[in-house]
Amino acid sequence: YQRKLSNPIRHLFCFMEERGKSAGQITERDLLDFIFEAAKTNRNNMGLVMRAVKFVTEYLDSQQFTKIETDWGVFRPATSLLHLIAPYTQEEINHMLDAVDSHSKTPLREKAMILLAFNSGLRGVDIRNLKLTDICWKKQELHIVQSKTGQPIAAPLHGKTLNTIADYILQERPECTSDC
């Protein structure tokens, strides 16, 4: 744990040194400025940066170097959005959709399932159990209870996915009275 804190603590003291501040001269304003500066380069590690600031201020206070009264524990950095690398390019997805046309008896159904998987990130079991009543066409989203977790979720749906589902319902789906 202390090894993880060593980099942000070192960063903090380098920042203060650049400002010409000794340990006894650090103010709450300096620490806030450091936090904003750290957010520019440590966006994914702000929780660690905040723990380092809290640790340093507690130490400075315990050694009576300076009196900083801010409770840094109340600051909770928002978790950053994950920047996931898309597993497939749009070109690869289009190739998969094209392959469905030439090898399937129900191409619209399979295209809808593929687009649902890529668009919503749903598991196969949840796509298989999807009902028409789970789709809110006006809001362009679907609402389900996940099979694995039992948790309700709402997932946005792109127009292309909704259009493909509609094409399947109107052109290929057998007539039935069920909402499945």
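Residues numbered from 1 in each chain as written. Predicted model: local features only at pLDDT ≥ 70, side-chain atom pairs only at ≥ 80, totals over all residues. Heavy atoms only, no water.

### A short note on the overall build of the protein
The helix and strand inventory of the protein stands at seven helices and three strands. Sequence-ordered secondary structure for the protein, helices as α and strands as β, is α-α-α-α-α-α-β-β-β-α. Looking at the protein as a whole, 31% of its 180 residues are labelled buried. Across the protein, contacts joining residues at least 24 apart in sequence account for 49% of those joining residues at least 6 apart. (Helix = DSSP H or I, 4+ residues; strand = E, 2+ residues; numbered from the N terminus. Buried < 20%, exposed > 50% of the residue type's maximum accessible area, 1.4 Å probe, protein only. Contact = heavy atoms within 4.5 Å.)

### Description of the environment of T164
Mapped onto the secondary structure, T164 falls in helix α7 (residues 159–172). Those residues within four positions of T164 in sequence are excluded, and the remaining contacts are L108, K111, A112 and L115.

### Notes on the sheet that holds strand β1 (residues 135–136)
Read from one edge of the open sheet, three strands run β1-β2-β3, paired in antiparallel fashion. The sheet terminates laterally at β1 and β3 (152–156), the two strands that pair on one side only. (Pairing = 2+ DSSP bridges.)

### Observations regarding the confidence of the model for the protein
Residue-level pLDDT values for the protein average 83, and 88% of them are 70 or greater. In the model of the protein, helix α4 (residues 90–103) stands out as the element of lowest mean pLDDT, 82, in contrast to helix α6 (residues 124–128), which has the highest, 91. (pLDDT = per-residue confidence, 0-100.)

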